[in-house]
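What the coordinates show
Take a look at the letters that make up each chain.
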Amino acid sequence: MKREAEPDMTPSRGASDDAVLRVVLADDHAVVREGLKALVNAQPDMRVVAEAADGEAAWRAAKELVPDVLVMDLSMPVLSGVEATARVRRDCPQ
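Residues numbered from 1 in each chain as written. Predicted model: local features only at pLDDT ≥ 70, side-chain atom pairs only at ≥ 80, totals over all residues. Heavy atoms only, no water.

We now examine the overall build of the protein. The secondary structure content of the protein amounts to three helices and three strands. Starting at the N terminus and walking to the C terminus, you meet the elements of the protein as β-α-β-α-β-α. In the protein, the share of contacts with a sequence separation of at least 24, taken over all contacts with a separation of at least 6, comes to 69%. In the structure as shown, the protein presents an accessible area of about 5,500 Å², 55% of it carried by carbon and sulfur atoms. (Helix = DSSP H or I, 4+ residues; strand = E, 2+ residues; numbered from the N terminus. Contact = heavy atoms within 4.5 Å. Areas by Shrake-Rupley, 256 points an atom, 1.4 Å probe, with all protein chains shown as cover.)

Contact pair helix α2 (residues 55-65) / helix α3 (residues 81-91): the axes reach a minimum separation of 9 Å and the direction vectors enclose 15°. Taken as axis vectors, α2 and α3 run roughly parallel relative to one another. Here α2 and α3 pass one another in a crossing that is right-handed. Residue-level inspection shows G55, W59, A62 and K63 of α2 in contact with α3, the latter providing A84, R87, V88, R90 and D91. Among the residues forming the contact of α2 with α3, the class breakdown is four nonpolar, one polar and four charged. (Axes fitted to C-alpha atoms, helices over the stretch in contact; angles between N-to-C directions. Parallel < 35°, antiparallel > 145°, perpendicular 65-115°, else oblique. Left-handed = near helix turned anticlockwise from the far one by under 90°. Nonpolar A, V, L, I, M, F, W, Y, C, P; charged D, E, K, R; others polar.)

Attention shifts here to the confidence of the model for the protein. For the protein, the mean per-residue pLDDT works out to 86, and 81% of the residues sit at or above 70. In this model residues 1-5 is a low-confidence stretch, pLDDT under 50, and it forms nine contacts with partners more than four residues away in sequence or in other chains. Low confidence marks residues 10-15, where pLDDT is under 50. Its contacts with residues over four positions away, or in another chain, come to eight contacts. (pLDDT = per-residue confidence, 0-100.)

This part takes up the sheet that holds strand β2 (residues 46-52). Ordered in space as β2-β1-β3, the three strands form an open sheet in which the pairing is parallel. Each edge of the open sheet is held by one strand with a lone partner, namely β2 and β3 (69-72). Strand-to-strand twist across the sheet, computed as the mean angle between neighbouring axes with direction ignored, equals 25°. The pairing of strand β1 (residues 21-26) with β2 spans six bridges and is parallel. Considered in β2, the bridge of R22 is made with R47. Of the strands in this sheet, β1, β2 and β3 touch helix α1 (residues 30-41), which is tilted by about 160° from β2. (Pairing = 2+ DSSP bridges.)

Among all residues save glycine, negative phi is the norm, and among peptide bonds the norm is trans. Unlike most non-glycine residues, V66 shows phi in positive territory, near 45°. Following the sequence through the fold, V66 ends up in the loop between α2 and β3. Classification of V66 as partly exposed rests on a relative accessible area of 36%. Positive phi is not limited to glycine here, since V78 has a value of about 70°. Summarising the element assignment, V78 is placed in the loop between β3 and α3. (Buried < 20%, exposed > 50% of the residue type's maximum accessible area, 1.4 Å probe, protein only.)

Next up, the structure:
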């Protein structure tokens, strides 16, 4: 069983990797992440590549995976979504 604060960095790519929008979901509520993940992964051109339960884990996932999109809850433990977003913008300008 994975710990909630650790991002799930298992690669999850579609058949045509170049055409797939890679998404990281960051929310401290697992049920919200699961719902968003189901919606995103139902799209043929989108794939959730990581999940994070706190801002620090989201920042680490963004640095390591460089996703196309990062969906960030603003109110999270350890590091708020606002602070995590600032770090992502600083460390991952692309």
